Amino acid sequence: MNMQLATGNQAAGHSMSIAGEANRHARGSISGIYPITPQTEIVEYVAKFPFSKGRVIPVESEHSAMGVCIGASLNGARAFTASSSNGLAYMAENVMVAAFYRLPIVMAAVNRTLGPPWNIWADQGDSLMFRDFAWVQLYCDSNQDVADTTLLAFRLAEDPRVLLPVMVCMDAFIVSHTSMEIELASQEQADRYLPPCEIPHHLDPAHPVTVGGMAFPQETLTHRMDLDQAIRQVPAVLEEHRAHFNEVFGREVSGAVSAYRTEDADQIFIASGTISLTLKDVVDERRQKGEKIGMIRIKMFRPFPTAEIARLCRNVEKIGVLDRNYSAGTGGIFWQEIRAALQGRGGHLVQGYLTGVGGGDVVPDAVREVVADLKQRTEAGDPVWKGIDQ
Amino acid sequence: MNAAISEDVKADCLLRPGNTNCGGCGMSTGLTLLGRALENEDYSLVIPACCGIVTAGAFPTTAYSVPVTAATFASSPAFASGVAAVNDLNPDGKPKHVICWAGDGGTYDIGIATLSAAAERNENLIYICYDNEIYGNTGGQRSSATPFAAKTTTTPGGKIESKKDIIGIMAAHRVPYAATLSIAHPEDFRAKIEKALKIEGFRFFLIHAPCPTGWKTEPAESIELVSLAVRSGMFPLYEVFDGTDYRLNAEPDGTDPEKYYTKQRRFSGQPIDLDSVRVAVGARMDRLRRLAGLGRH
């Protein structure tokens, strides 16, 4: 056991670095890096790492950080970066290219409120703006989860059945800057867990093709259908690599969806990221008072775990969704997705709660208010804003 | 009589027969000359949004005989930095060159931050800007490479600003090598590409690339036009080593810039102060001669 104090950022930086180093017997690793609060510590970690066959390229923008990763990945290297908030927004065009070129790039995304106004606290609106970009998105709830999910992300991304980029998301400061005692993987473990990175469509002078030229609608349609086929493989492939993770590291890494005390629940609350840990405590507290409530933590937002959510919720009447994000004109983004997932499956009451939007702390009292609100509801209404100072 | 093109030649051409580029396209001639200079080299191209990527044709075919990565508009130096860095991590005998092939919009405008950063990092790649002095692919809008007085669809009365000095900008980055190329001077073109292959780090080329569609010129006169540009001093042929060591490759022969202007309808329909043009061209040539350690003419 190699327990040590590490922030979420250090956990991500460590796992990305040893994953890169693990490719030293193949084409090596490249990271295009650019600072932005609160992820800077990640790229600083990567910049300090003594890669034996790798290069860290400090570029002039997030757009170029992803650009470097795209070029490197297409040339057969393992590529990774990190960003946050407006940095992700600035990177957006190339984020899309990474997936459309089917490149298994891994990016740590520290979820920070988009500005203006300038605000460095946690909000998932940054990475969620990429929900239609064909990236796998995994939202972590703790430092250990970041450390382990980052390694899992490389295995998943590079699986030939998937070949898609993966975003490993964590809440700003609550995870990124808070130290916890966690187990960090050794290089030897990473070497065992990660096979050499192989990009089947890497640049090859013997087979000169033009990657990303023009395509007519029919070819583009086929391309999108191929993406769809690939991303649909993710749930099953993720489970395989979780099992393998357990064999190599001797611990479990959380899966796409985690259910807690849902078996006999009549109300289920759904959250992602660190809010799910607070929610879990409140569920235990309410259970002691005899309330039959349970919870689901959604880790994998893309592909959305529709079937699993529907299965877990099949016997409950009321569902409350806690979103640390906000899509203007609708409400919380997970809430929208859950309503869509349950459409036509038994008329659940699905109520949305906007909790911690803009980075406010979601304390147990706020979650208790959500639980009390859902209990007295007979019908769903507009999303409820929480955390407003009266 | 049709000259037969053998299969070998077809395969060896960088820009293969059958592409759909416009007649008289300077970029196409530039690609042909580049391909000849690189006949025995291993290389791949990185091409941002521009006529150069449309040149490839529609998926799954391509007019290029080498691997090409299409980059987003501003990103070719970033994509190429990634490609080149992996090549450098995996030396296996023969060097593999990475070449950005970008238009003036991607170079002078939207991509300049990315270009500047790659130059500052001295990335081991060759960047070639084929400068047709407009956004050609979108139908001829002004860029910061459009010369003074040129009419474009977004400067219908003629551009009121002058063109950026991109070689000056690259020289200010102290890149190991920066040079201009003319498709009317194929030997000089070839010699400079070959020279660049022997230099490590960031190498920059500027090609004067006529666009008959945008310049409103006769396709058959493209080579004549760029030749006039060199002979009149409008487009000097020179190279800069390490940002400081200048060498002039051709002296203007006294041809009047007027000849260059009057052949292009983008400059027509408005009075152009040719005396000012002559003074500016002469001053720039004097400055280049001074930098090259030569006396004034």
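Quick caveat, the model's predicted, so the values are computed rather than measured.

Criteria and thresholds
Residues numbered from 1 in each chain as written. Chains lettered and ligands numbered in written order. Predicted model: local features only at pLDDT ≥ 70, side-chain atom pairs only at ≥ 80, totals over all residues. Heavy atoms only, no water. 1 Å grid on protein atoms, 1.4 Å probe; cavity = no way out; pocket = protein on both sides within 12 Å on 5 of 7 lines; lining within 4 Å. Points joined across faces, edges and corners; volume = space filled by probe spheres on them. Helix = DSSP H or I, 4+ residues; strand = E, 2+ residues; numbered from the N terminus. Nonpolar A, V, L, I, M, F, W, Y, C, P; charged D, E, K, R; others polar. Domains from an automatic or database assignment. Buried area = accessible area lost by both parts, 1.4 Å probe. Salt bridge = Lys/Arg side-chain N within 4 Å of Asp/Glu carboxyl O. Polar contact = N/O pair within 3.5 Å; in protein donor to acceptor, adjacent residues only side chain to side chain. Expected span 1.5 Å × (residues − 1). Buried < 20%, exposed > 50% of the residue type's maximum accessible area, 1.4 Å probe, protein only. Arc of directions from axis to C-beta. Contact = heavy atoms within 4.5 Å. Phe/Tyr/Trp six-rings, centres within 6.5 Å; stacked < 30°, edge-to-face > 60°. Core = buried A, V, L, I, M, F, W, Y, C linked by side-chain atoms within 4.5 Å.

Asks: What should I look at first to understand empty space enclosed by the protein in this one?
Replies: Picture a little ball the size of a water molecule; that probe, rolled over the atoms, points out where space is still empty. All names here are of chain B. Enumeration over the complete set of coordinates arrives at 1 cavity of 30 Å³ or more. Taken as a whole, the largest cavity spans an internal volume of roughly 60 Å³. In this structure, the largest cavity is lined by Asp165, Ile167, Gly168, Tyr238, Tyr246, Arg284, Arg287 and Leu288. Mapped by element, the contributors of at least two residues to the lining of the largest cavity are helix 7 (166-172) and helix 12 (274-291). Per element, the largest residue contribution to the lining of the largest cavity is 3 residues, and it comes from helix 12. Each residue belonging to the lining of the largest cavity can be placed in one class, and the counts come to 4 nonpolar, 1 polar and 3 charged.

Asks: What should I look at first to understand the domain arrangement of chain A in this one?
Replies: Size of an interface: often given as the accessible area lost when the parts come together. All names here are of chain A. Domains assigned within chain A are domain 1 (3-249) and domain 2 (258-385). Here the C-alpha centroids of domain 1 and domain 2 sit 28 Å apart. Summed over both sides, the interface of domain 1 with domain 2 buries roughly 2000 Å², with 55% coming from carbon and sulfur. Across the domain 1-domain 2 interface, the total number found is 3 salt bridges. At the junction of domain 1 with domain 2, the criterion picks out 16 residue pairs in polar contact (both at pLDDT 80 or more). When residues of the side of domain 1 that touches domain 2 are traced back to their parent elements, those giving at least two are helix 5 (125-128), strand 6 (136-139), helix 6 (143-158) and helix 9 (234-249). With 4 residues, strand 6 is the largest single contributor of residues to the side of domain 1 that touches domain 2. The residue makeup of the side of domain 1 that touches domain 2, split by class, is 14 nonpolar, 6 polar and 6 charged.

Asks: Looking at this structure, I do not really get helix 12 of chain B. What am I missing?
Replies: Each α-helix winds once per 3.6 residues, and so residues spaced three or four apart point in a common direction. Residue and element names in this part refer to chain B. In a regular helix each residue adds 1.5 Å, so 18 residues correspond to 26 Å; helix 12 covers 25 Å between its end C-alpha atoms and thus fits that length. Among the residues of helix 12, those classed as buried are Leu274, Val277, Val281, Met285, Asp286, Leu288 and Arg289. All buried residues of helix 12 lie within an arc of 165 degrees about the axis, which places them on one face of the element. Of the exposed residues in helix 12, the ones pointing more than 90 degrees away from its buried face are Asp275, Val279 and Arg290. Where helix 12 is buried, its residues touch strand 7 (238-241), strand 8 (245-248) and helix 11 (257-262). Just beyond helix 12, the residue with positive phi is glycine 293, at close to 75 degrees.

Asks: Could you clarify how one ought to interpret the layout of surface pockets in this entry?
Replies: All names here are of chain A. The space that makes up the largest pocket amounts to roughly 1000 Å³. What lines the largest pocket is a set of 37 residues, and nearest its centre among them are Phe100, Tyr101, Val211, Gly212 and His223. Those elements that provide at least two residues to the lining of the largest pocket are helix 4 (85-100), strand 9 (210-211) and helix 8 (217-232). At 7 residues, helix 8 tops the list of elements feeding residues into the lining of the largest pocket. Counted by class, the lining of the largest pocket contains 19 nonpolar, 12 polar and 6 charged residues.

Asks: Help me understand the packing of aromatic side chains in this model?
Replies: The geometry of an aromatic ring pair is captured by the separation of the ring centres together with the interplanar angle, meaning the angle of the planes. Residues and elements named next belong to chain B. This structure, assessed with the given rule, holds 21 aromatic pairs over all chains. A ring pair is formed by tyrosine 177 and phenylalanine 205, whose centres lie 5.7 Å apart and whose planes are at 80 degrees; its orientation type is edge-to-face. Placement of tyrosine 177 in strand 5 (residues 177-182) and of phenylalanine 205 in strand 6 (residues 203-208) is noted, with a sequence separation of 28 residues between them. Ring centres of tyrosine 260 and tyrosine 261 lie 6.0 Å apart, and the angle between their planes is 85 degrees; on these two criteria the pair is classed as edge-to-face.

Asks: Which parts of the structure should I look at to understand the nonpolar core?
Replies: Side chains of nonpolar character tend, in soluble globular proteins, to be buried together. Trp135, Leu151 and Ile338 of chain A together with Phe202 and Phe204 of chain B are the most contacted members of the largest nonpolar core, which totals 208 residues. Three or more residues apiece are contributed to this core by two domains, here domain 1 (3-249) and domain 2 (258-385) of chain A. Counting 18 residues, the second largest nonpolar core, distinct from the first, contains Val282, Val362, Val370 and Leu374 of chain A.

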